[in-house]
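Working through the structure, step by step
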Amino acid sequence: RLYTEMMNTKIAGKRLLFFRLLVVVPAIVQAQSWQNDYQADLNVDCGNASALYRVRSQHSNDYEDRQWLWECRNVVDTAFENCKWTDLLNGVDQPIYFQCDHDYVITGVYSSYNNGPKDRQWKAKCCKSLDHFVQDCRVSGQINSYDSDMDFSVDYPEVFTGFYSAHLDSTEDRLWAIQVCKYIQCSGSLTCDTADSCE
């Protein structure tokens, strides 16, 4: 009888563990879901108080396109005072050399896929807070190889302020680099001027 009870307990435990795995795994997949389908538009907007700090991507040779996950974090206490979307930053198969205006940070991206050249054209949204300024800007190294996964992030208080990209026809993919800056809040009631300082 004791053996039977032990076996029943063991089987019940396995069933409970299997059930828990069924519950947990979909939650993990959902948390890492992509923001676009292959060959479909991508539209990411961080809202009124957040900026981009991480980008992940995977490439498909079947679709000759990427799925994207651009992640945001809060950087201002209230809301940005000035925001604007750019025009198209590139022609198909053409390089991208982009950075937001002075003291602006990237708070959104948009791209559309062109099936002929098999490339994306990009726009960016840049925002500015009157009591913040950018400092210690740098450009990352190359953050991906052709046809490979991408995962690049920065620690607080750095955020994305620009990006650079080059397309290669033979792989139908792009290499990327990101410009990042520290986003610093002016102390007290001071406001930020255009010289990376507070006045």
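Described in the following lines is the structure provided in the data block. Note that the coordinates shown come from a computational prediction; the quantities given were computed from them, not determined experimentally.

Within the element layout of this structure, Arg56 appears in strand β2 (residues 50–60). Of note is the side chain of Arg56, whose polar atom sits 2.7 Å from the side chain of Glu71.

With that settled, consider the state of the cysteines. The tally for this structure, following the rule as stated, stands at four disulfides. What pairs with Cys100 in a disulfide is Cys126, and their sulfur atoms sit 2.0 Å apart. Measuring the twist about the S-S bond at about -75°, one finds the Cys100-Cys126 disulfide to be left-handed. Separated by 26 residues along the polypeptide, Cys100 in the loop between β5 (96–99) and β6 (105–114) and Cys126 in strand β7 (residues 119–128) bring together distant segments of the chain. Across the pair, Cys126 and Cys100 agree in class, each one buried.

Looking at the secondary structure, you find Leu88 in the loop between β4 (82–85) and β5. Leu88 gets classed as partly exposed once you look at its relative accessible area, which sits at 45%. For Leu88 and Tyr110, which are 22 residues apart along the polypeptide, the C-alpha to C-alpha distance reads 9.3 Å. Those residues within four positions of Leu88 in sequence are excluded, and the remaining contacts are Gln121, Trp122 and Lys123.

In spatial order, the strands read β3-β2-β9; together these three strands make up an open sheet with antiparallel pairing. Across the chains shown, the open sheet's two edge strands, defined by having one partner strand only, are β3 (65–74) and β9 (150–153). Taken over all neighbouring pairs, the strand axes of this sheet differ in orientation by 15° on average, direction set aside. Inspection of the sheet shows β2 paired to β9 by four bridges, in the antiparallel sense. Residue pairing across strands places Ser57 opposite Met150, the latter belonging to β9.

What follows is about the sheet that holds β5. The four strands are arranged β5-β10-β11-β8 in an open sheet whose pairing can be described as antiparallel. Looking along the sheet, the strands with just one partner apiece sit at the ends: β5 and β8 (132–139). In this sheet, neighbouring strand axes are inclined to one another by 20° on average, regardless of whether the strands run parallel or antiparallel.

The subject of this paragraph is the pattern of salt bridges. Side chains carrying opposite charge are able to pair once their charged atoms draw close together. Within the structure shown, the criterion is met by ten salt bridges. Close ionic contact of Arg54 with Asp151 constitutes a salt bridge, the shortest N to O distance being 2.9 Å. Here Arg54 is found in strand β2, whereas its partner Asp151 is found in strand β9, with 97 residues between them in sequence. The class of Arg54 is partly exposed, set by a relative accessible area of 21%. Under the relative-accessibility criterion, Asp151 is labelled partly exposed at 47%. Between Lys182 and Asp136 there is a salt bridge, with the nearest N and O atoms lying 3.5 Å from each other. Residue Lys182 is found in strand β11 (residues 173–185), and its partner Asp136 is found in strand β8; the two are separated by 46 residues along the sequence. Judged by relative accessible area, which is 31%, Lys182 ranks as partly exposed. Bridged by salt links that share partners, the residues Arg54, Arg56, Glu71 and Asp151 form one connected network.

Cut-offs applied
Residues numbered from 1 in each chain as written. Predicted model: local features only at pLDDT ≥ 70, side-chain atom pairs only at ≥ 80, totals over all residues. Heavy atoms only, no water. Helix = DSSP H or I, 4+ residues; strand = E, 2+ residues; numbered from the N terminus. Polar contact = N/O pair within 3.5 Å; in protein donor to acceptor, adjacent residues only side chain to side chain. Disulfide = S-S within 2.5 Å. Buried < 20%, exposed > 50% of the residue type's maximum accessible area, 1.4 Å probe, protein only. Contact = heavy atoms within 4.5 Å. Pairing = 2+ DSSP bridges. Axes fitted to C-alpha atoms, helices over the stretch in contact; angles between N-to-C directions. Salt bridge = Lys/Arg side-chain N within 4 Å of Asp/Glu carboxyl O.

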